[in-house]
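Summary of structural features
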Amino acid sequence: MKKILIVEDEPNIRELVLYNLKTNGYEGIGAEDGIMGITKVHLEKPDLILLDIMLPEKNGYDICRELREEGNNTPIIMITAKTEEVDKVLGLEFGADDYISKPFGIRELMARIKAVLRRYNVTSASGEEETVISVRDLNINVERHEVKVGQKEIDLTLKEFELLKCLMENRGHVFTRDQLLNSVWGIDYAGETRTVDVHIRHLRQKLSSGGKEDEYIETIRGKGYKAK
């Protein structure tokens, strides 16, 4: 049974989601403010976090950023009453894997939860041959969702992993930022591609060896990015 934490200060929404999580076969855990949310992430170690943006004590952006900075890669779906594109972009830049806007339907929420968990839990439990993408010292185990540079294991968020996999599977191909948004996020921000640059920067920092942050991903000026 997958454990899902919802951090939401509106009791009616929180209880409705918790009820539907239970009826859909999940173990639901609730938190009513940002501080309690962070505490329950550390204590309960959920498989997925539903995170409201506007929270007492600590907002959703800060929680998301704090978790990613400490190396916690639990998938996060941001819940927001805001409709501005910039708010959705900010959530993704801070490391969220998806977002859903209020008011939302329970069916849509459950579908997003299933989709994110399905993408995140790519493990090889059948004993079948595993797919490994190797580029010099970089090794990506697709089924195990593992990335290593040499013998060092690299902790990536779901979107960082999918972005790296997309580039390395198509090594040498130049992707525009819009193409990467569509391929990895499945979304189009009508020209707002800043989130791609942020994720590329994070990837370079994590993969860098000997201070070479562009060792695996090259910027093609005026076009986009490609794997070297």
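Residues numbered from 1 in each chain as written. Predicted model: local features only at pLDDT ≥ 70, side-chain atom pairs only at ≥ 80, totals over all residues. Heavy atoms only, no water.

To continue, consider the side chain of D33. For D33, the location among the structural elements is in the loop between β2 (27–31) and α2 (34–44). Within the buried set, D33 has no salt-bridge partner at all; the shortest N-O distance to an opposite charge, 8.6 Å, is to R14. Within the local environment of D33, its side chain forms a polar contact with the backbone nitrogen of M36, the two atoms lying 2.7 Å apart. Excluding its chain neighbours within four sequence positions, the residues that come into contact with D33 are V7, P56 and E57. (Helix = DSSP H or I, 4+ residues; strand = E, 2+ residues; numbered from the N terminus. Buried < 20%, exposed > 50% of the residue type's maximum accessible area, 1.4 Å probe, protein only. Lys, Arg positive; Asp, Glu negative; His and termini not counted. Salt bridge = Lys/Arg side-chain N within 4 Å of Asp/Glu carboxyl O. Polar contact = N/O pair within 3.5 Å; in protein donor to acceptor, adjacent residues only side chain to side chain. Contact = heavy atoms within 4.5 Å.)

Another point: the confidence of the model for the protein chain. For the protein chain, per-residue confidence averages 85 on the pLDDT scale, and 87% of positions sit at 70 or higher. Scored below 50 in pLDDT, residues 123–127 makes three contacts in the model with residues more than four places away or belonging to other chains. (pLDDT = per-residue confidence, 0-100.)

A word on the packing of helix α1 (residues 11–23) against helix α5 (residues 106–120). Where α1 meets α5, the axes come as close as 11 Å, and the angle between the chain directions of the two elements is 60 degrees. Classified by the angle their axes make, α1 and α5 are oblique. The handedness of the crossing between α1 and α5 is right-handed. Contacts between α1 and α5 involve L16, V17, N20 and L21 from the former and I106, L109, M110 and I113 from the latter. (Axes fitted to C-alpha atoms, helices over the stretch in contact; angles between N-to-C directions. Parallel < 35°, antiparallel > 145°, perpendicular 65-115°, else oblique. Left-handed = near helix turned anticlockwise from the far one by under 90°.)

This part takes up the packing of aromatic side chains. As enumerated under the stated definition, the model contains one aromatic pair in all. In this structure, R65 packs its charged tip against the face of F94, placed 4.8 Å from the ring centre. (Phe/Tyr/Trp six-rings, centres within 6.5 Å; stacked < 30°, edge-to-face > 60°. Lys NZ or Arg CZ within 6 Å of the ring centre and 35° of its normal.)

Attention now goes to the sheet that holds strand β9 (residues 152–154). What the four strands build is an open sheet, ordered β6-β7-β8-β9; its pairing is antiparallel. Only two strands of the sheet have a single neighbouring strand rather than two, namely β6 (132–135) and β9. When the angles between neighbouring strand axes are averaged without regard to direction, this sheet yields 20 degrees. The pairing of β6 with strand β7 (residues 138–141) spans four bridges and is classified as antiparallel. Bridging across to β7, V132 finds its partner in N141. Contacts from helix α6 (residues 158–169) reach β6, β7 and β8 (146–149) within the one sheet, and its direction differs from that of β7 by about 110 degrees. (Pairing = 2+ DSSP bridges.)

With that out of the way, let us pick up the pairing of strand β3 (residues 48–52). Within β3, five of the five residues are buried, which leaves it mostly tucked inside the rest of the structure. Side chains of β3 alternate between two faces, with L48, L50 and D52 and I49 and L51 buried alike. Inspection of the sheet shows β3 paired to strand β4 (residues 76–80) by four bridges, in the parallel sense. By the bridge assignment for β4, D52 is matched with I79. In this fold, β3 hands off to helix α3 (residues 60–69), which returns the chain to β4; that crossover is right-handed. (Right-handed = clockwise from strand over helix to strand, strands pointing away.)

Sheet architecture is open: five strands sit in the order β2-β1-β3-β4-β5, paired in parallel fashion. Since the sheet does not close on itself, it has two edges, and those belong to β2 and β5 (98–101), each with one partner. The sheet shows a mean angle of 20 degrees between the axes of neighbouring strands, direction not considered. Most of the contacts of α2 go to β2, to which it runs at about 145 degrees, and overall it touches β1 (3–7), β2 and β3.

What follows concerns the pattern of salt bridges. Scanning the entire structure with this criterion turns up 14 salt bridges. K102 is the partner of E8 in a salt bridge, and the nearest nitrogen-oxygen pair spans 3.1 Å. With E8 in the loop between β1 and α1 and K102 in the loop between β5 and α5, this pair connects stretches of sequence that are 94 residues apart. With a relative accessible area of 0%, E8 lands in the buried category. According to the relative accessible area criterion, K102 is buried, its value standing at 16%. The closest approach of N and O atoms between R65 and D62, which form a salt bridge, is 2.6 Å. Taken together, the residues R65 and D62, both in helix α3 and three residues apart, mark about one turn of the helix. Look at R65 and you get partly exposed, because its relative accessible area is 34%.

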